[in-house]
Structure formats: C-alpha cells, structure tokens
Amino acid sequence: MIPAFQFASATELAGFAQVLPALRADIHPVELERFLMLPQPDLEDASEPEDEPVIA
C-alpha cells in the first residue's frame, strides 16, 4: 500500500524515496502515520528559513 500523502499532484513527494528505506520494517502503521504527518523538529535544518521544507 502506498500512502496518498506522499504524492504532490501526479509526482512523488520530493525526498520520500530517500526517507522510506530508513524507516524500521516493524514500525506500527499508526506510528508511521504520526511520524510522517506531524512536524519533526529534531529533523529540521537550522540553516533553512522557517516554514521551508528541508527536502525540496
């Protein structure tokens, strides 16, 4: 199953293919949804302006 939120228009969300393999294989679906849908301040790039995605 491919989550629909990973697509922007007709193309895959930029950087999603690099993130997906780094996730644990045994992650619970609810945990995965929360990780992907909620802000992750620990993963933000301090050099990027606020409200700008780290992966473009």
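Sequence positions are assigned chain by chain, starting from 1 and proceeding in written order. Given that this is a predicted model, residues contribute local features only at a pLDDT of at least 70 and side-chain atom pairs are listed and counted only at 80 or more, while totals for whole chains, interfaces and linings are drawn from all residues. Working from all heavy atoms in the structure, the side-chain values ignore hydrogens and water.

> Would you mind showing me how to read the overall build of the protein here?
The numbering of helices and of strands both runs from the N terminus, where a helix is a DSSP run of H or I of at least 4 residues and a strand a run of E of at least 2. Each helix and strand in the protein was counted, giving two helices and two strands. Shown N-terminal to C-terminal, the secondary structure of the protein runs as helices and strands in the order β-β-α-α. Throughout, the Shrake-Rupley method with a 1.4 Å probe supplies accessible areas, and for residues the shown protein chains are the sole cover considered. For the protein, the exposed area adds up to about 5,000 Å²; of that, 59% sits on carbon and sulfur atoms.

> Looking at this structure, I do not really get the pattern of salt bridges. What am I missing?
One side chain can pair with another of opposite charge once the charged atoms of both are near each other. Salt-bridge detection follows one rule: a side-chain nitrogen of Lys or Arg within 4 Å of a carboxyl oxygen of Asp or Glu. With the rule as written, the count across this model stands at two salt bridges. When the shortest N-O distance is used, the salt bridge between Arg24 and Asp26 registers 3.0 Å. The salt bridge partner of Arg24 is Glu31, with a shortest N-O separation of 3.3 Å. Here Arg24 falls in the partly exposed class, since its relative accessible area comes to 47%. The classification of residues rests on relative accessible area computed with a 1.4 Å probe and restricted to protein chains. Under 20% of the type maximum is buried, over 50% is exposed, and intermediate values are partly exposed. With a relative accessible area of 38%, Glu31 lands in the partly exposed category. Members of the salt-bridge network, linked through shared partners, are Arg24, Asp26 and Glu31.

> How should the environment of Asp26 be read in this particular structure?
As for its placement among the helices and strands, Asp26 is situated in the loop between helix H1 (16-19) and helix H2 (29-37). Overall, the relative accessible area of 60% leaves Asp26 in the exposed class. The term polar contact refers here to a pair of N or O atoms within 3.5 Å; inside protein, the definition further demands a hydrogen-donor-capable atom paired with an acceptor-capable atom, and it admits residues adjacent in sequence only when both atoms are side-chain atoms. At 3.0 Å, the side chain of Asp26 and the side chain of Arg24 are in polar contact.

> I'm lost on the confidence of the model for the protein in this one. Help?
Parts of the prediction with low pLDDT should not have their coordinates interpreted in detail. What pLDDT conveys is the predictor's confidence in a given residue, as a value from 0 to 100. In the predicted model, the protein carries a mean pLDDT of 74, and the fraction of residues at 70 or more is 66%. Mean pLDDT per element in the protein: strand E1 (residues 7-8) is the minimum at 64, and H2 is the maximum at 85.

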